[in-house]
Amino acid sequence: MTQPSYGHWPSPITADLLTSQGIRLSDPQAVGDTLYWLESRPQEKGRSVLVCEKQGERRDLLPAPHSIRTRIQEYGGAPYLATADVIFYVLDSDQRIYAYDLHTQTSRALTPEGAYRYADFCIDPRRNRLLAIRENCSSDNQHPTSEIIAIPLDNVQLEVLVSGADFYSNPRLSPNGEQLSFLRWFHPHMPWDNTECVIAQLNAQGDIIRSVAIAGGNNESIFQPQWSPASELFFVSDRSNWWNIYRWTGAEAEAICALDAEFATPQWVFGMSTYGFLSASEIFCCFSQQGVWQLGVINIAQKTLQQIAQPLRDISAVCCQAMNNGDSENKGQAYFLGATATQGAQLWFYESGHYHSGVCAPLNNTQFALDSRYLSQAEAITFPTRDGETAHGFFYAPTNADYKIAPANLPPLLVMCHGGPTGATETSLNLKIQFWTSRGFAVLDVNYRGSTGYGRAYRDRLKNNWGITDVIDVCSGVDYLVAQQRIDKNKVAIRGSSAGGYTVLAALTFGDVFKAGASLYGIGDLEALARDTHKFEAHYLDSLVGEYPAQQKIYRDRSPIYHIEQLNCPVIFLQGLQDKVVPPAQAEAMVAALQEKGIMTRYVTFEEEGHGFRQAQNMQRALNEELAFYHTVFSNH
């Protein structure tokens, strides 16, 4: 019997399986013996559900259709805070903050109706108030103001504590309630480029009486300032080229663990966390080296790191409950999200009684078990680029237990471009990759120059070069695999979403190796993006491309829409019609221009989706439409 050709292998990893098992976990928080986390459920139209688990019993905090999600800065993050008696949360339907009483199981609104969005909460028990980041959209929805506010829990009028900067995050009180730390940054910088860490002194009423920036600025990125149980302020800084952990001594910042590794990730959303305190003397942390995440415990006094043996590839969302000083029975605990090469993200638990002991095990299993014989393993590759440097990526060979690779034939290649572009690809189980490899596609997931995980110098390599360096890298990755005779050079496609979609369209327009492409809510017109995008990214392109409108020519030179005569291969566009980050007009302009040329084009829209697809039926349709598109394109080669 003749086996199906590459790309046509029947696979148990279907689009329906991806969505039925594709619950996305985020934001774990522990209070006493109760653990909370959020679940984004495609089968419930992307509803974000707060789940709590106590003594093995699990329940949803709010019934359907309630969804806990903030739209702040469009990307959101940190939409709730759990305390012993009350859960503070943002309701997606009206973006107001509510207080859920755990004893009466009832909610009351804390903030008024209006054009406001909130995130990143901190409780101030001494003054009976909640601190939060507020985005005020009442005067300008496109460019709202950002503030740190105090919300009294006795229904007194809220107060603006801090304002004046373009952005704020991470408001955190010292254990004694006398100091407030936070991050701020200003246009045109992004938080991974230039942020400032501020310490403010509070009086008894909670008013700020003085403040000072203790770190950051001058092209230094600060991440996750956090107070230790000993009232010392720690933070992550990339001043050494690597995002490492530092402690503020009151006079200077000292490195706690100097390592060629990244203890941070780009702050695209609120509430990101890579470390926490097991006690006043120990830090539990995760860090990335060469695109793979590790776990460790840092002895603060000795400034040493003990790595923890574990099977994980990707780790995030660390939260800790610190051990009480002098109480040997109360062990420090850590919770975090972790994924392996064969298992998607789960909640994991770590407990340590002594420095060299501890357990690291999954706390709950929300993922299904899949036969590993259908799973392709990531192979880290470093390859030369066409301009004489090097770039990184992960190669996945076609893998399916029911079919063998024919030695005389080579598989089609699908090159993947991560979003951001300041971001990185992951190496743990990604069913969206396995969907392709189990059907006979090879996949190259590229960490082009500009990606995180390889130091600031590598991250900065894309500055002023977006649309050039990333395009060189995706093309060079194909060159490398062709030279190794691992893929069919005549069947090479490229796909990406958001900023990755721009790299797709730029590579198809200005590159020479791809036969087809898929742009998911991607960018075809940099100039339109500079004019129309939301506040958070309003000046992102200043560093990636150049100042606008002063350097308008560069924007047009690098925009595929202005060089449509050079794009001569089939493209499929997938677009949410509610997208405010990359509006549908971007895709529609490209589609119209290609159709006028007579190029094979497919335009698939989703009425209720924004920037990214959350609903199960839409996610399924998007994958199946893209697969059918490649089958049509490659049947002609």
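Just above sits the structure.
Description of the structure in this document. (Residues numbered from 1 in each chain as written. Predicted model: local features only at pLDDT ≥ 70, side-chain atom pairs only at ≥ 80, totals over all residues. Heavy atoms only, no water.)

**Quick look at the overall build of the protein**
Secondary structure summary: the protein contains 10 helices and 36 strands in total. The buried share of the protein, reckoned over its 637 residues, is 59%. Partitioning the contacts of the protein with sequence separation of at least 6, the portion at a separation of at least 24 is 56%. The averaged location of the 67 negative side-chain charges in the protein is 3 Å from the averaged location of its 49 positive side-chain charges. (Helix = DSSP H or I, 4+ residues; strand = E, 2+ residues; numbered from the N terminus. Buried < 20%, exposed > 50% of the residue type's maximum accessible area, 1.4 Å probe, protein only. Contact = heavy atoms within 4.5 Å. Lys, Arg positive; Asp, Glu negative; His and termini not counted. Charge placed at Lys NZ, Arg CZ, Asp CG, Glu CD.)

**Here's the deal with the sheet that holds strand β13 (residues 167-173)**
Sheet architecture is open: 4 strands sit in the order β13-β14-β15-β16, paired in antiparallel fashion. Pairing within the sheet leaves two strands with one partner each, and these edge strands are β13 and β16 (208-216). The average undirected angle you get between the axes of adjacent strands in this sheet is 25 degrees. Pairing of strand β15 (residues 196-202) with β16 involves 7 bridges; the strand directions are antiparallel. Its bridge partner lying in β16, Q201 is registered against R210. (Pairing = 2+ DSSP bridges. Axes fitted to C-alpha atoms, helices over the stretch in contact; angles between N-to-C directions.)

**Some details on unusual backbone geometry**
Excluding glycine, most residues fall at negative phi; most peptide bonds, likewise, are trans. Cis geometry is adopted by the peptide bond preceding P188, which originates at H187 and carries an omega value of 10 degrees. Positive phi values are uncommon outside glycine, yet K45 reaches one of about 60 degrees. On the secondary structure map, K45 appears in the loop between β2 (34-41) and β3 (47-54). K45 gets classed as exposed once you look at its relative accessible area, which sits at 59%. In this structure, K303 is a non-glycine residue whose phi angle is positive, near 55 degrees. Tracing the sequence through the fold places K303 in the loop between β23 (292-299) and β24 (304-307). Overall, K303 belongs to the partly exposed group, its relative accessible area being 37%.

**Describing the packing of aromatic side chains**
Between two aromatic rings, the relevant description is the distance of the centres plus the angle of the planes. Scanning the entire structure with this criterion turns up 33 aromatic pairs. The interplanar angle of 75 degrees and the centroid separation of 5.7 Å between the aromatic rings of W268 and Y540 together place this pair among those described as edge-to-face. Of this pair, W268 sits in the loop between β20 (253-255) and β21 (275-277) while Y540 sits in helix α7 (residues 540-544), placing them 272 residues apart in sequence. For the pair formed by W268 and Y540, the shared burial category is buried. The ring of Y246 is capped by R239, whose NZ or CZ atom sits 5.1 Å from the centre of that ring. One cation-aromatic arrangement involves K535 over F167; the distance from NZ or CZ to the ring centre is 4.8 Å. (Phe/Tyr/Trp six-rings, centres within 6.5 Å; stacked < 30°, edge-to-face > 60°. Lys NZ or Arg CZ within 6 Å of the ring centre and 35° of its normal.)

**A word on the sheet that holds strand β7 (residues 97-101)**
Here 4 strands make up an open sheet; going across it, the order is β5-β6-β7-β8 and the pairing antiparallel. Single-partner strands in this sheet number two, and they are β5 (80-82) and β8 (106-109). For this sheet, the mean angle separating the axes of adjacent strands, direction not counted, is 20 degrees. Relative to β8, β7 runs antiparallel, the two sharing 4 bridges. Each residue of the ladder has a partner; that of Y98, found in β8, is A109.

**Some thoughts on the pattern of salt bridges**
Under the counting rule described, the total for this entry stands at 39 salt bridges. The partner of R41 in a salt bridge is E44, with the nearest N and O atoms 3.1 Å apart. Relative accessible area serves as the criterion here: at 31%, E44 is assigned to the partly exposed category. Between R602 and E625 there is a salt bridge; the shortest N-O distance is 2.9 Å. Here the residue R602 occupies a position in strand β36 (residues 601-606), and E625 occupies one in helix α10 (residues 616-634), the gap between them amounting to 23 residues. (Salt bridge = Lys/Arg side-chain N within 4 Å of Asp/Glu carboxyl O.)

**A short note on helix α4 (residues 469-483)**
Look at α4: 21 Å from first C-alpha to last across 15 residues, which is about the 21 Å you get at 1.5 Å a residue. A large share of α4 lies buried, amounting to 11 of its 15 residues. Among the structural elements, β29 (379-384), β30 (390-396), β31 (413-417), β32 (442-447), β33 (492-497) and α5 (499-510) are those in contact with the buried residues of α4. Positive backbone phi, approximately 60 degrees, marks Q485, located one or two places after α4. (Expected span 1.5 Å × (residues − 1).)

**Brief notes about the pairing of strand β6 (residues 86-90)**
For β6, a buried count of 5 out of 5 residues is recorded, marking the element as mostly surrounded by other parts of the structure. Going residue by residue along β6, you find V86, F88 and V90 tucked away on one face and I87 and Y89 tucked away on the opposite face as well. Inspection of the sheet shows β5 paired to β6 by 3 bridges, in the antiparallel sense. Bridging across to β6, A82 finds its partner in I87. Connecting β5 to the antiparallel partner β6 that follows it, the hairpin turn spans 3 residues. Note: β6 against β7, 5 bridges, orientation antiparallel. Among the inter-strand pairings, F88 is bridged to a residue of β7, identified as A99.

**Digging into the environment of F182**
You can see F182 is positioned in strand β14 (residues 179-185). Its relative accessible area of 3% is what places F182 among the buried residues. Each C-alpha atom of the pair F182 and G216 lies 12 Å from the other, and the pair is 34 residues apart in sequence. Excluding anything up to four places from it in sequence, F182 contacts I148, V162, Y168, S169, N170, P171, E196, C197, V198 and A200.

**Some remarks on the side chain of E625**
On the accessibility criterion, E625 (18% relative accessible area) is buried. For E625, the contacting residues outside a window of four places in its chain are I572, R602 and V604.

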